[in-house]
Amino acid sequence: MRVVAVLGGELSEEGRWLDSELDGAIGHILKETRFKGEIGTTLYIPLPRLQVLLVGLGRRRGHRLSDVRRLGVKVAEEVVERGVREVAVENFLAARFGKRDASRVLAEGLYLGAYRFSRYQNEGKSPRARFVIAQGYGPVVEEAGVVAEGVYLARDLVNEPPNVLTPEELAWRAERLATEVGLEVRVLGPEGIQNLGMGAYWAVAKGSANEPRFIELVYRPEEEAIRRLALVGKGLTFDTGGYSLKPTDSMKTMKADMAGAAAVLGAMRVIAQLKPPVEVRAYIAAAENMISGRAYRVDDVLRALNGKTIEVLNTDAEGRLTLADALAYASLAEPDAIVELSTLTGSCVVALGREMAGLFAADEALGREVQRAAETTGEKVWPMPMEESYRRKLKSKIADIANVGDRAGGAIQAALFLSEFADAPFVHLDIAGPGFAVKPEDHAYGPAGGTGFGVRTLVEWVMRQG
Ligand code: BES
Ligand code: ZN
Ligand code: ZN
């Protein structure tokens, strides 16, 4: 398939070349169909010798680079739908943004949009399309491919059903990743977790027959590291709510409660290949929040790794308990920054909807760094307040802190809770909304299901260091 642009209602230069090769067939159809080429619209032309896809770029002016990414996604969707194998795409708006930048974001869009998860479907599998960008800049297209592989990994992990992707399976996949791309890996089981004193994490984990796994990955640069960073991801492979049980409808999609962990693993895959001059450690406290005779209860008092005691008032606020210990553990290595991603609260989805993450910065400068990185990637994050006075809501009568406050401002209270356990400059991203797309229209860069949200922001942030 050949893909060419319609800009300002006219065929692009590349389109005109193709049209003359095809004896004016495209121009003819363009007139006949009155295709105006509004931005993001497409016209599929199956000619006898060649399939052609016209892509509307809208008016001649006023484009942003991110429009090119969206156009790439659009092209990929058409390609997948039609089962096309080989695609040559014009480097849209290269004259406006330069070959290099235009082809980088176009490639991102093409790869992100072409993703499908069909592992458990016997029919309807089609082989992956191969994209070539005409006049593209090779190295950045290749880099976009590496980044997309990381996003694909994260999406696959989220999309796997929870009976397959248990904490143990997640750890195996982390180990496989480590061998594949050359990362150090350490995995702890129930004994290791209890011996270290991760009492909050263990309380959540112990109710399940599927054992927890604490996963640590380390990327070390060849030269001396100019900065040492920590990534932490929430890794609940399933969240029933525990004894504060979720109703069925809310429990649907709770296999995606490890989207933070998936993003961190996806990012580590990319980082290991792009080799930035910083040290990056990743931490995942993987567990399943279930009900049993061994499960934790409301009213329990737990002791976290940093010595703080926690009163459990709701077993469905389990993510912050597992993260409390993961953050305390990450802090022991004295990193220069901790960025943590979690599908933490329904409250954040109410506040920002399904397409944006809430960004909670305990450290303002770090918050700005992460926000800028997100802006470049097109992943939407919005700054939220860490309102200090709300800490009072987490007061406990029996312990140092309670695991929930009240409903109003729930996402903020959750962020404040986490900040009690991070002993380093800290940013929390609540990805409960954008981590998983229930409907395809909730997701700008691919199909419904796991989105891989956060992978590109983390990679961009890490690659900007130094
Ligand atoms: N995993 C959920 C949060 C969630 C909700 C993620 C919707 C994705 C979509 C989390 O563990 C949870 O249940 N949070 C509770 C907290 C409450 C008990 C304070 C919530 O948001 O209702
Ligand atoms: Zn929960
Ligand atoms: Zn949860």
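An account of the accompanying structure is given in this report.

**A word on the overall build of the protein**
- Counting its regular elements, the protein contains 16 helices and 19 strands.
- For the protein, whose C-alpha radius of gyration is 24 Å, the value lies close to the compact-globule estimate of 23 Å for 466 residues.
- Seen through its C-alpha atoms, the protein measures out along the principal axes to roughly 80 × 50 × 45 Å.
- Relative to all contacts within the protein whose residues are 6 or more apart in sequence, the contacts with residues 24 or more apart total 76%.
- When the accessible area of the protein is evaluated, it comes to approximately 20,300 Å², of which 48% is carbon and sulfur surface.

**Regarding the packing of aromatic side chains**
- For the structure on display, the rule yields six aromatic pairs.
- Each ring, one from Tyr-201 and one from Phe-214, has its centre 6.2 Å from the other, and the planes form 55°; the classification is tilted. Here Phe-214 lies in strand 8 (residues 213–219) and Tyr-201 lies in helix 9 (residues 199–205), a separation of 13 residues in the sequence.
- Tyr-201 gets classed as buried once you look at its relative accessible area, which sits at 0%.
- With centroids separated by 5.7 Å and ring planes inclined at 75°, the aromatic side chains of Tyr-283 and Tyr-329 adopt a geometry described as edge-to-face. Here Tyr-283, found in strand 10 (residues 279–289), pairs with Tyr-329, found in helix 12 (residues 319–332); they are 46 residues apart in sequence, far enough to count as distant. Neither Tyr-283 nor Tyr-329 differs from the other in exposure class; each is buried.
- The ring of Phe-421 carries the charged tip of Lys-308 above its face, separated from the ring centre by 5.9 Å.

**Topic: helix 16 (residues 455–463)**
- By the criterion of burial, helix 16 is predominantly enclosed, with seven of the nine residues buried.
- Within helix 16, burial applies to Val-455, Arg-456, Thr-457, Leu-458, Val-459, Trp-461 and Val-462.

**Considering the site of ligand 1**
- Lining the immediate surroundings of ligand 1 are 15 residues, of which Lys-246, Asp-257, Asp-316, Glu-318 and Gly-346 lie closest.
- A distance of 2.8 Å is found between an oxygen atom of ligand 1 and a side-chain nitrogen or oxygen belonging to Lys-246.
- At 2.9 Å from a nitrogen atom of ligand 1 is found a side-chain nitrogen or oxygen belonging to Asp-257.
- Computed on the free molecule, ligand 1 has an accessible area of 510 Å², of which 75% lies beneath the protein chains in the complex.
- Here the shell around ligand 1 is built from residues that sort into four nonpolar, four polar and seven charged.

**Considerations on unusual backbone geometry**
- The backbone phi angle of Asp-23 is positive, close to 55°, even though this residue is not glycine.
- Residue class for Asp-23 comes out exposed when judged on its relative accessible area of 70%.
- Here the phi dihedral of Lys-275 falls at roughly 50°; this positive angle occurs in a residue that is not glycine.
- Here Lys-275 lies in the loop between helix 11 (259–274) and strand 10.

**Things to note about the side chain of Glu-318**
- One can find Glu-318 in the loop between strand 12 (309–311) and helix 12.
- Excluding residues that lie within four positions of it along the chain, Glu-318 makes contacts with Val-204, Lys-234, Leu-236, Asp-239, Asp-257, Asn-289 and Tyr-296.

**Some details on the coordination of the zinc ion (ligand 2)**
- Protein-derived ligands of the zinc ion (ligand 2) are Asp-239 (OD), Asp-316 (O), Asp-316 (OD) and Glu-318 (OE), with the metal-ligand distances lying across 2.0 to 2.2 Å.
- Coordination geometry of the zinc ion (ligand 2): the six donor atoms subtend angles of 71 to 166° at the metal centre, consistent with an arrangement described as irregular.
- Counting residues between consecutive donors of the zinc ion (ligand 2) along the chain gives the motif D-x76-D-x1-E.
- The metal-metal distance between the zinc ion (ligand 2) and the zinc ion (ligand 3) comes to 3.2 Å, with Asp-239 coordinating both. With Asp-239 in strand 9 (residues 228–239) and Asp-316 in the loop between strand 12 and helix 12, this residue pair connects regions lying 77 residues apart in the sequence.
- Using a relative accessible area of 3% as the deciding quantity, one classes Asp-239 as buried.
- You can call Asp-316 partly exposed: its relative accessible area is 22%.

**What about the sheet that holds strand 13 (residues 337–342)?**
- Judged by pairing direction, the sheet is mixed, and its eight strands sit side by side in the order 7-8-10-9-13-17-14-15 without closing on themselves. Taken across any chain shown, the strands that pair with only one partner, and hence form the sheet edges, are strand 7 (184–188) and strand 15 (381–384). With direction set aside, neighbouring strand axes in the sheet form an average angle of 20°.
- Pairing between strand 8 and strand 10: seven bridges, direction antiparallel. Directly across from Leu-217, in strand 10, lies its bridge partner Ala-282.
- Contacting strand 8, strand 9, strand 10, strand 13 and strand 17 (426–430), helix 12 runs over the sheet at an angle of about 155° to strand 9.
- Where helix 14 (residues 364–377) meets the sheet, it contacts strand 13, strand 14 (357–361), strand 15 and strand 17, and its direction lies at approximately 40° from that of strand 17.

**With respect to the environment of Lys-439**
- Within the secondary structure, Lys-439 sits in the loop between strand 18 (436–437) and strand 19 (449–450).
- Exposure remark for Lys-439: the relative accessible area of 45% places this residue in the partly exposed category.
- Taking C-alpha positions, Lys-439 is 9.9 Å from Arg-354, a pair spaced 85 residues apart along the chain.

**Quick notes on the coordination of the zinc ion (ligand 3)**
- Coordination of the zinc ion (ligand 3) by the protein involves Lys-234 (NZ), Asp-239 (OD), Asp-257 (OD) and Glu-318 (OE), with metal-donor separations of 2.0 to 2.4 Å.
- Taken together, the six donor atoms coordinating the zinc ion (ligand 3) span angles of 77 to 172° at the metal, a pattern that classifies the geometry as octahedral.
- Spacing between the donor residues of the zinc ion (ligand 3) along the chain follows K-x4-D-x17-D-x60-E.
- Residue class for Glu-318 comes out buried when judged on its relative accessible area of 0%.

**Here we look at the environment of Arg-320**
- Note that Arg-320 resides in helix 12.
- Spatially, the C-alpha atoms of Arg-320 and Ala-205 are 13 Å apart, while their sequence positions differ by 115 residues.
- Once you skip the residues sitting within four places of it in the chain, Arg-320 turns out to touch Leu-344, Thr-345, Asn-403, Val-404, Ala-414, Phe-417 and Leu-418.
- Within the structure, Arg-320 has its side chain in polar contact with the backbone oxygen of Asn-403 (distance 2.7 Å).

Cut-off values and rules
- Residues numbered from 1 in each chain as written.
- Chains lettered and ligands numbered in written order.
- Predicted model: local features only at pLDDT ≥ 70, side-chain atom pairs only at ≥ 80, totals over all residues.
- Heavy atoms only, no water.
- Helix = DSSP H or I, 4+ residues; strand = E, 2+ residues; numbered from the N terminus.
- Rg over C-alpha atoms; globule rule 2.2 N^0.38 Å.
- Contact = heavy atoms within 4.5 Å.
- Areas by Shrake-Rupley, 256 points an atom, 1.4 Å probe, with all protein chains shown as cover.
- Phe/Tyr/Trp six-rings, centres within 6.5 Å; stacked < 30°, edge-to-face > 60°.
- Buried < 20%, exposed > 50% of the residue type's maximum accessible area, 1.4 Å probe, protein only.
- Lys NZ or Arg CZ within 6 Å of the ring centre and 35° of its normal.
- Near = heavy atom within 4 Å.
- Polar contact = N/O pair within 3.5 Å; in protein donor to acceptor, adjacent residues only side chain to side chain.
- Nonpolar A, V, L, I, M, F, W, Y, C, P; charged D, E, K, R; others polar.
- Donors = N, O, S within 2.8 Å, 3.2 Å for Na, K, Ca; no water.
- Tetrahedral: all angles 85-135°; square planar, octahedral: opposite > 155°, others 65-115°.
- Pairing = 2+ DSSP bridges.
- Axes fitted to C-alpha atoms, helices over the stretch in contact; angles between N-to-C directions.

These figures come from the coordinates and say nothing about function on their own.
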